[in-house]
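# Understanding the architecture of this molecule
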Amino acid sequence: MGNPTDLTIVFDTDCLMCSAWVRFVLRHESEPTARFVSAWSKEGLALADQHNLTAQDLDRTYLVVFGGQPLTKSDATFAIFKTLHAPWRWVKLLSILPRSFRDRFYDLMAKNRYRWFGQKDQCFLPPESQQARFVLGPPRSAVLPDHR
């Protein structure tokens, strides 16, 4: 098991909403220790495989490894909120809602993220000062050519 505060976020670098979420995390994290990995990179796909997820799974959720534990959907989101400054960290209190309810909302967002927010091959470019914390890779179309 990793350090209890180790945080790795495997996200869709082609999704404008996902990229905005990563920028939000960068602005509000308590300490700059999170690692960010493109879901479509070799490392992102290997992490997914290590935690019994496929590339198709990464198209429906992102993977967060927090303290060595793999998390997806709303659990992944609340783990990230735990690492942010107040008042953002207080959002984790919503995790008391039933997971089925939280994940239904998450699934709705994930299913419609490209339609509502947009998509662009490799839209995410990390800030120059943060590049060492990122593992980028090819666009989603190189891994999952059947775009929505």
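Residues numbered from 1 in each chain as written. Predicted model: local features only at pLDDT ≥ 70, side-chain atom pairs only at ≥ 80, totals over all residues. Heavy atoms only, no water.

### Describing the nonpolar core
Core analysis: the biggest nonpolar cluster contains 25 residues, and Ile9, Phe11, Phe36 and Val64 have the highest contact counts within it. Elements represented by at least two residues in this core include exactly strand 1 (7-11), helix 1 (16-28), strand 3 (63-66), helix 4 (73-82) and helix 5 (99-117). Setting aside residues no more than four positions away along its own chain, Val64 makes contact with Leu7, Thr8, Ile9, Gln69, Pro70, Leu71, Ala76, Ala79 and Ile80. By size, the runner-up hydrophobic cluster in this structure holds 12 residues, among which are Ala48, Leu53, Leu58 and Leu144. (Core = buried A, V, L, I, M, F, W, Y, C linked by side-chain atoms within 4.5 Å. Buried < 20%, exposed > 50% of the residue type's maximum accessible area, 1.4 Å probe, protein only. Helix = DSSP H or I, 4+ residues; strand = E, 2+ residues; numbered from the N terminus. Contact = heavy atoms within 4.5 Å.)

### Observations regarding the pattern of salt bridges
With the rule as written, the count across this model stands at eight salt bridges. Its salt-bridge partner being Asp75, residue Arg99 comes within 2.9 Å of it at the nearest N-O pair. Of this pair, Arg99 sits in helix 5 while Asp75 sits in helix 4, and the two are 24 residues apart along the sequence. Overlapping salt bridges, with partners in common, bring together Asp12, Asp59 and Arg113 in one network. (Salt bridge = Lys/Arg side-chain N within 4 Å of Asp/Glu carboxyl O.)

### Section: the packing of helix 4 against helix 5
In contact at an axis separation of 7 Å, helix 4 and helix 5 are set at 95 degrees when each is read in the N-to-C sense. The angle between helix 4 and helix 5 places the two elements in the roughly perpendicular class. From helix 4, Lys73, Ser74, Asp75, Thr77 and Phe78 reach across to helix 5, where they touch Arg99, Arg102, Asp103, Tyr106 and Asp107. For the contact of helix 4 with helix 5, the class distribution of residues is two nonpolar, two polar and six charged. (Axes fitted to C-alpha atoms, helices over the stretch in contact; angles between N-to-C directions. Parallel < 35°, antiparallel > 145°, perpendicular 65-115°, else oblique. Nonpolar A, V, L, I, M, F, W, Y, C, P; charged D, E, K, R; others polar.)

### Points about the pairing of strand 1
By the criterion of burial, strand 1 is predominantly enclosed, with five of the five residues buried. Summarising the sheet, strand 1 and strand 3 pair through four bridges and their orientation is antiparallel. Among the inter-strand pairings, Leu7 is bridged to a residue of strand 3, identified as Phe66. In the sheet, strand 1 pairs with strand 2 (residues 35-38) via four bridges, with the strands oriented parallel. Bridge pairing in strand 2 links Phe11 to Ser38. In this region the chain leaves strand 1, passes through helix 1 and returns to the parallel neighbour strand 2; the handedness of that crossover is right-handed. (Pairing = 2+ DSSP bridges. Right-handed = clockwise from strand over helix to strand, strands pointing away.)

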